[in-house]
Amino acid sequence: MKTSNRRKFIATSATLAAGAAVSASPFKKVGNKYPVVHHVFFWLKNPASIQDRDQLVAGVKTLSKIETVRELRVGVVAATEKRDVVDNSWAVSELMFFSDLAGQAIYQTHPVHLEFIKNCSHLWEKVIVYDAVDA
């Protein structure tokens, strides 16, 4: 294979691979469809308790019943490389997507959300919320 043909082949292969990776992304369907993002981080009162963590995870998952929640992701700290820019001090995260700010406002006072707070607030010591809209 000539050098120029090999370079074209490599460039084409790289482009196709990048396109395949983007189209396989688990966040593809979110895009601009759900432009309001609500990300919450919870720190447990008993950080060593797997039972408390699992109870909080189960509680967060009940929030998917709220009709304005378009997508819900619940996570725990990943065992990734330790770097200065990585904060892994939290225990559970909740990532929600809404169609609009009105839907996010409905979520805040929804009976399912209030029930979650009532049933699970004893588990956490600290909560931080980051709300964002597509730029």
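Check the entry above for the structure.
Residues numbered from 1 in each chain as written. Predicted model: local features only at pLDDT ≥ 70, side-chain atom pairs only at ≥ 80, totals over all residues. Heavy atoms only, no water.

**Student:** Could you give an account of helix H2 (residues 50-61), naming the residues involved and the relevant values?
**Tutor:** Side chains three or four residues apart in an α-helix point the same way, a direct result of the helix having 3.6 residues per turn. The end-to-end C-alpha distance of H2, which contains 12 residues, comes to 16 Å, matching closely the 16 Å that a straight helix rising 1.5 Å per residue would cover. Three or more residues of H2 are buried, namely Asp52, Leu56, Val57, Gly59 and Val60. The buried residues of H2 all sit within an arc of 160 degrees when viewed along its axis, so they share a single face. (Helix = DSSP H or I, 4+ residues; strand = E, 2+ residues; numbered from the N terminus. Expected span 1.5 Å × (residues − 1). Buried < 20%, exposed > 50% of the residue type's maximum accessible area, 1.4 Å probe, protein only. Arc of directions from axis to C-beta.)

**Student:** Can you tell me about the packing of aromatic side chains, naming the residues and giving the values?
**Tutor:** For any pair of aromatic rings, the description consists of the separation of the ring centres together with the inter-plane angle of the planes. Taken as a whole and judged by the stated rule, the model has 6 aromatic pairs. For the pair Phe98 and Tyr107, a centre-to-centre distance of 5.5 Å together with 55 degrees between the ring planes defines the contact as tilted. Geometrically, the ring pair formed by Phe116 and Trp124 is tilted, given 5.6 Å between the ring centres and 35 degrees between the ring planes. This pair shows no difference in class: Phe116 is buried, exactly as Trp124 is. Counting every residue linked through ring pairs, the aromatic cluster contains Phe41, Trp90 and Tyr130. Note that Lys126 overlies the ring of Trp43, its terminal NZ or CZ placed 4.3 Å from the centroid. (Phe/Tyr/Trp six-rings, centres within 6.5 Å; stacked < 30°, edge-to-face > 60°. Lys NZ or Arg CZ within 6 Å of the ring centre and 35° of its normal.)

By themselves these figures say nothing about function.
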